[in-house]
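Residues per chain are reported as follows:
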Amino acid sequence: MKVTLHKDDDALYLRLDDTPIIESEEVSDGIILDYNAEGKVVGIEVLYISQRSPNSWQQILLETTA
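Predicted model only: the values in this text are computed from it and were never measured.

Caption draft 1: The arrangement of the sheet that holds strand E3 (residues 23–28) in detail. Spatially, 5 strands are ordered E1-E2-E5-E4-E3 in an open sheet, and the strand pairing comes out antiparallel. Of all the strands in the sheet, just strand E1 (2–6) and E3 have a single pairing partner and so form its edges. The average angle at which neighbouring strand axes cross in this sheet is 20°, direction not considered. Both E1 and strand E2 (residues 11–15) contribute to a ladder of 5 bridges, which runs antiparallel. Looking at E2, one finds that Thr-4 is bridged to Tyr-13.

Caption draft 2: Molecular detail of the side chain of Asp-34. Structurally, Asp-34 can be placed in strand E4 (residues 31–35). Buried and unpaired, Asp-34 has no salt bridge, with Arg-15 as the nearest side chain of opposite charge at 5.3 Å. Looking at Asp-34, its side chain comes within polar contact range of the side chain of Ser-24, at 2.5 Å. The contacts of Asp-34, once residues within four sequence positions are left out, are Tyr-13, Ile-21, Glu-23, Ser-24, Lys-40, Val-41, Val-42 and Gly-43.

Rules of the game
- Residues numbered from 1 in each chain as written.
- Predicted model: local features only at pLDDT ≥ 70, side-chain atom pairs only at ≥ 80, totals over all residues.
- Heavy atoms only, no water.
- Pairing = 2+ DSSP bridges.
- Helix = DSSP H or I, 4+ residues; strand = E, 2+ residues; numbered from the N terminus.
- Axes fitted to C-alpha atoms, helices over the stretch in contact; angles between N-to-C directions.
- Buried < 20%, exposed > 50% of the residue type's maximum accessible area, 1.4 Å probe, protein only.
- Lys, Arg positive; Asp, Glu negative; His and termini not counted.
- Salt bridge = Lys/Arg side-chain N within 4 Å of Asp/Glu carboxyl O.
- Polar contact = N/O pair within 3.5 Å; in protein donor to acceptor, adjacent residues only side chain to side chain.
- Contact = heavy atoms within 4.5 Å.

Quick look at the structure:
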């Protein structure tokens, strides 16, 4: 899994695996899902990230559970 912040595009992208993206769909305003050939979600893009999380460029917090 890879998380990328694109400051110039004001977007956050979460790539779940490396399979090729076959189709993309905007499921809500500024929320885009990328699908592979099997129809599984392999990427999630969140546009307007600075409006959704004003401090997004300053801090990313990663939480994991055991």
